Number of protein chains: 2
Amino acid sequence: MTSVNRPRGVYSPVVTPFTSDLLPDHERYIRHCRWLIEQDVGLAVFGTNSEANSLAVSEKMTLLDTLVSSEIPVDRLMPGTGCSALTDTVELTRHALSLGANHVLMLPPFFYKGVTDEGLFRSYAQIIERVGSDALRIYLYHIPPVSQVPISLALIERLLAAFPGVIAGVKDSSGDWSNTQAMLERFQPQGFDVFAGSETFLLATMRAGGVGCITATGNVNPAAIVQLYRNWQSADADARQAALDATRAVFARFPMIPALKAAIGVYSNEPEWGVVRPPLVDLTPAQRDALASALRDIGFSMPGLEVIA
Amino acid sequence: MTSVNRPRGVYSPVVTPFTSDLLPDHERYIRHCRWLIEQDVGLAVFGTNSEANSLAVSEKMTLLDTLVSSEIPVDRLMPGTGCSALTDTVELTRHALSLGANHVLMLPPFFYKGVTDEGLFRSYAQIIERVGSDALRIYLYHIPPVSQVPISLALIERLLAAFPGVIAGVKDSSGDWSNTQAMLERFQPQGFDVFAGSETFLLATMRAGGVGCITATGNVNPAAIVQLYRNWQSADADARQAALDATRAVFARFPMIPALKAAIGVYSNEPEWGVVRPPLVDLTPAQRDALASALRDIGFSMPGLEVIA
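Residues numbered from 1 in each chain as written. Chains lettered and ligands numbered in written order. Predicted model: local features only at pLDDT ≥ 70, side-chain atom pairs only at ≥ 80, totals over all residues. Heavy atoms only, no water.

**Student:** Can you walk me through the relation of the copies chain B and chain A in this structure?
**Tutor:** After a rotation of 180° and a shift along the axis of 0.0 Å, chain B superposes on chain A with an RMSD of 0.0 Å. What the rotation and shift describe, once combined, is the action of a two-fold rotation axis. Most of the interface of chain B is mirrored in chain A, where 100% of its interface residues again form contacts. (Least-squares fit on C-alpha atoms with pLDDT ≥ 70 in both. Contact = heavy atoms within 4.5 Å.)

Below is the structure:
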């Protein structure tokens, strides 16, 4: 079991199940979260793969309430609370803290492009001031391929100096190992925890002193990813990494979020799992069958999912 | 006066004044809106230049309530209601319609990048279905430099076929005249109204059969832009366009939104107008002085602003 005090290990941006009417399906959500927790995967709810920015703040707050009232351990949550609007980010972050979820993953405001480090610094500073809690721990969410608003090394340095303790780490979803490496070298020694943005860089991140990964495929392949996290120093670590890469490669042949949901639908025999909110598009039946077939070919399974489902 | 039935002419994405505590300043907002209306400029509130995506949906709904209760003519409003989350867009659009503001400018969902036309079609279709009002008129907001989610000609064609009447027009802020031209040629004859995304293309748009422009600098230079709109067929139209371009060029030397607000602050003698929400950064005093000086050099003025302020 990972530490309850400081997030480490494998987290998953939990996919958000919808009903056919596109509303969050709380019952199915809780079941999926329980299954992930049983695999020792932490819940980075409201990440990119959660379709978080297709949900209203009120919908996210209600989902958080449901998680906590369903006795999901609050110390295993790392909710994404960064929204486009300053006031939304403050409201959602305060709500998370009010429930005891003190570790949050925070996108920068992502509508305006070409904004300056000064503007992003002011954004995080305003949020920290307005949230006004010593318990707050912010993990910066660097995902320039989607947000198009990068979090530079210079910005991290400035934030760490201004808000030591509060600025707790990063999820680096740049896909650029040299950037992750620079974060690990410059900031991890200061207690700024670097999570790889996917399991692709899990082994490399652990070898360079990082603390784990937060990964989309944690939704479907949690046990194997956790095994590499636990055994990264063992002789077969590279082979484990290669096996994880092979599984990820199958999902990567399809649009990732619809593919994750489709796979859960196939393995739980609950096809409604495939529903996504626009602007995403669910897999076609042909795509779903191709995915299922490719997963069978590599002997993929989701142990325990059937029992919980 | 432009038609009350269908938007035409010059609209401005109304800049949103903030108090020093970064809250919307309703009193100053209403004054600015009244000044624009007196210049015959329509109010495209909650546009990019309004910092709309730095505001929560509830803040925007309250501002709309204030506008309507302040007797701002509702037929001169074209609120921006497109948010990242489907449910937010539906809520804000329904609120606008409940107040009688039936013409809305709608961004596509802008968090996910590389989404398909199918996904964007489903997004607009879901919004139209959920809003569920025959009164709804949607102006598509194409601003790929910021949203990074373009609205293609093929998507417009499909939306027009599926929702004739409801899909009413476009603001083209691509900055690409060939794209505006294609929209004018293909869709304007079907009653799909094309607004240029700035006054830079106002004359060209009018000559090609379009209906006007929705422009940031409408906040500061409304009278001159309206004069070109009214006189686009007169002999001095090109000279008027050149004069507008020269004024815009001064603002374009600075970050646009902070510069617009700083200029209003200078000409109204209310420096608090300069406040922006992060991630934007207000002009430095030196930048503000340079802007003021450059505006003086071209004989720029904001007639009537002092009286209203």
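Having seen the model, we can carry on.
**Student:** I keep staring at the pattern of salt bridges and nothing clicks. Help me out?
**Tutor:** Any two side chains of opposite charge can pair, so long as their charged atoms come close to each other. Residue and element names in this part refer to chain A. Scanning all chains against the criterion turns up 38 salt bridges over all chains. Among the salt bridges present, the one from Arg-31 reaches Glu-270, with a minimum N-O distance of 2.8 Å. In this pair, Arg-31 is assigned in helix α1 (residues 26–38) and Glu-270 in the loop between α11 (256–268) and α12 (285–297), connecting sequence segments 239 residues apart. Note on Arg-31: relative accessible area 16%, which makes it buried. (Salt bridge = Lys/Arg side-chain N within 4 Å of Asp/Glu carboxyl O. Helix = DSSP H or I, 4+ residues; strand = E, 2+ residues; numbered from the N terminus. Buried < 20%, exposed > 50% of the residue type's maximum accessible area, 1.4 Å probe, protein only.)

**Student:** So what exactly am I meant to see when it comes to the sheet that holds strand β5 (residues 167–172) of chain A here?
**Tutor:** The strands making up a sheet are joined through hydrogen bonds of the backbone, oriented either antiparallel or parallel. All names here are of chain A. With parallel pairing, 7 strands are arranged side by side in an open sheet as β2-β1-β7-β6-β5-β4-β3. Edge positions in the sheet fall to β2 (42–43) and β3 (103–106), since each of these pairs with one other strand and no more. Along the sheet, helix α4 (residues 117–131) makes contact with β3, β4 (137–142) and β5, crossing β4 at roughly 155°. Against the sheet, helix α9 (residues 222–230) contacts β1 (9–12) and β7 (212–214), and its axis sits at roughly 155° relative to β1. (Pairing = 2+ DSSP bridges. Axes fitted to C-alpha atoms, helices over the stretch in contact; angles between N-to-C directions.)

**Student:** How do you make sense of the UniProt feature "binding site: pyruvate" (unreviewed entry) in chain A when you look at a structure like this?
**Tutor:** Residue and element names in this part refer to chain A. With numbering aligned to this structure, UniProt lists the feature "binding site: pyruvate" (unreviewed entry) at Ile-214. Tracing the backbone through its elements, the reader meets Ile-214 in strand β7. Accessibility expressed as a relative area gives 0% for Ile-214, which makes it buried. If sequence neighbours within four positions are ignored, Ile-214 has contacts with Tyr-11, Pro-13, Ala-44, Met-78, Leu-105, Lys-171, Phe-195, Ala-196, Gly-197 and Ser-198. (UniProt positions renumbered as here; feature names shortened; annotations may be inferred.)

**Student:** Is there a simple way to think about the environment of Gln227(B) in this case?
**Tutor:** Checked against the element boundaries, Gln227(B) lands in helix α9 (residues 222–230). For the pair Gln227(B) and Thr48(B), spaced 179 residues apart in sequence, the C-alpha separation works out to 24 Å.

**Student:** Where do I start with unusual backbone geometry in this structure?
**Tutor:** If a residue is not glycine, its phi is most likely negative; likewise, a peptide bond is most likely trans. Each neighbour pair has its own omega, and for Pro278(A) with Pro279(A) the value is 15°, a cis peptide bond. In this structure, Leu22(B) is a non-glycine residue whose phi angle is positive, near 70°. Note on placement: Leu22(B) falls in the loop between β1 (9–12) and α1 (26–38). A relative accessible area of 6% means that Leu22(B) is categorised as buried. Even without being glycine, Asn269(B) reaches a positive phi, approximately 60°. With respect to the element layout, Asn269(B) can be found in the loop between α11 (256–268) and α12 (285–297).

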